[in-house]
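The lines below spell out each chain.
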Amino acid sequence: MLTLILIALAGAAANLVDGGIGMGFGVTSTTILLLAGLGPAQASAVVHTAELGTTAISGLSHARFGNVDWKTVVRLGVPGGIAAFLGATLLSNISTAAAAPVTALILVGIGANLIWRFSQPRRRGSAYKRTHSTPFLAGLGLVGGFVDSTGGGGWGPVSTSTLMAIGREQPRRIVGTVNAAEFLVTFGATAGFIVGLWHDIVANLAAVIALLIGGAITAPIAAWLISRINPVLLGGLVGTAIVGLNISKVIGGAETYFGWAVPAAVTSVAIAVVVAAGVAATIRGALRTRRARAAELEAENAEEAAHADFHAPDYPERVAAAYRVHGSRKSGVTIVQDKAPESPAADRA
């Protein structure tokens, strides 16, 4: 009974993180089940069966707060579900242990890129709104779905981190869309596990229900919370989480491929340093963005004030000064206008 309570608490905490940053449920829950004595295939089967409920609730909760792009959900989730089905049916015959350090290294690189991107000031002009091509989303879904089903988790780290790194959509929309698409991936993986591990799923049904209850409780909370988080902070924290979750696998790969034994203390210190540096860079980026946007707003206000009184004697000088300030603060290039426009309407044109 105590074990089931701990599994439910782990599911609640994992889904709160997953719903907030777009990753973490599968990896966290699988780790708990492995510690409880389940094998890798059985743990992955239990997690994906429970995720049928948690991902459905999470996706609907994100949709309620406007965090989901349904077109992207279909183009990303359907290929992901197909790949997850194939990965689940082949899990008993495929070992991903040797590939884990390589995958982790790629994810660390993606996470580091995210931290760097969101440590830079982002202006209002850097709007998102651009869409991804269907082949790109399909390919990303195939990779993410296969990694997720064979590793007991990975849909979020692969899909969320890639879309965040490209930066064509708001972070909260990326997290919400990936969470919604995860239901299709989970459905495919569960179907595959039902084919090969039905008896194991039934034998561990109590653990499935415990995970489902814990995750269902926190899913709406995470969806509400993400809609109120600064997107710069969210993007940086996602990058930090990706690096923090994968750095130990990269270090472990040194022993797998090169025979280098790295003490556990060194790994712990490396994770702590990386996480601290990522959080510091994220906070710095959020502060720099706030200052940049404040300066941009001040420049726009100065330009509007310059146009306020067209009949003022010093109108040409005020407009030219406003353009110089606005140009230098908005784009980094000083705009010098030798002659003021003849009217505010002409100036705006």
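As a reminder, the structure under discussion sits directly above these lines.
Computed from a predicted model, the values in this text were never measured in an experiment.

**Q** Give me the lowdown on a nonpolar patch on the surface, citing residues and values where you can.
**A** A cluster of nonpolar residues, V74, V78, I82, F85, L86, L184 and V195, forms a patch on the protein surface that exposes about 590 Å² of accessible area. Secondary structure elements with two or more residues in the nonpolar patch: α4 (70-90) and α8 (171-203). Element by element, the count of residues in the nonpolar patch is highest for α4, at 5 residues.

**Q** Please give an account of the pattern of salt bridges that cites residues and values.
**A** Side chains that differ in sign of charge can pair as their charged atoms come close. Under the definition given, this model contains 1 salt bridge. In this structure, E169 engages R173 in a salt bridge whose closest nitrogen and oxygen atoms are separated by 3.9 Å.

**Q** Residue-level account of the nonpolar core, with values.
**A** Within the largest apolar cluster, 25 residues are counted, with the highest numbers of intra-cluster contacts made by L76, W155, L163, V178 and F193. Looking at this core element by element, the count peaks at 10 residues for α8.

**Q** Just give me the short version of the packing of helix α7 (residues 155-166) against α8, but keep the residues and values in it.
**A** Taken N-terminus to C-terminus, the directions of α7 and α8 make an angle of 145°; their axes are 10 Å apart at the nearest point. Read as a crossing pair, α7 and α8 show a hand that is right-handed. Taking contact as the criterion, the partners of W155, G156, S159, T160, L163 and M164 in α7 are, on α8, P171, I174, V175, V178, A181, E182 and V185. Residues belonging to the contact of α7 with α8 are distributed by class as follows: 9 nonpolar, 3 polar and 1 charged.

**Q** Account for the side chain of T162, naming residues and giving values.
**A** With respect to the helices, strands and loops of the structure, T162 is situated in helix α7. In this structure T162 comes out as buried when scored by relative accessible area, which is 18%.

**Q** So, the packing of aromatic side chains: which residues are in play, and what are the values?
**A** Centre distance and the angle of the planes are the two values used to describe a pair of aromatic rings. Here the structure, examined in full by the defined rule, presents 0 aromatic pairs. Taking the ring centre of F65 as reference, the NZ or CZ of R64 above it sits at 5.6 Å.

Calculation notes
- Residues numbered from 1 in each chain as written.
- Predicted model: local features only at pLDDT ≥ 70, side-chain atom pairs only at ≥ 80, totals over all residues.
- Heavy atoms only, no water.
- Patch = residues over 30% accessible without salt bridge, like charges linked within 9 Å, V, L, I, M, F, W, Y side chains within 5 Å.
- Areas by Shrake-Rupley, 256 points an atom, 1.4 Å probe, with all protein chains shown as cover.
- Salt bridge = Lys/Arg side-chain N within 4 Å of Asp/Glu carboxyl O.
- Helix = DSSP H or I, 4+ residues; strand = E, 2+ residues; numbered from the N terminus.
- Core = buried A, V, L, I, M, F, W, Y, C linked by side-chain atoms within 4.5 Å.
- Buried < 20%, exposed > 50% of the residue type's maximum accessible area, 1.4 Å probe, protein only.
- Axes fitted to C-alpha atoms, helices over the stretch in contact; angles between N-to-C directions.
- Left-handed = near helix turned anticlockwise from the far one by under 90°.
- Contact = heavy atoms within 4.5 Å.
- Nonpolar A, V, L, I, M, F, W, Y, C, P; charged D, E, K, R; others polar.
- Phe/Tyr/Trp six-rings, centres within 6.5 Å; stacked < 30°, edge-to-face > 60°.
- Lys NZ or Arg CZ within 6 Å of the ring centre and 35° of its normal.

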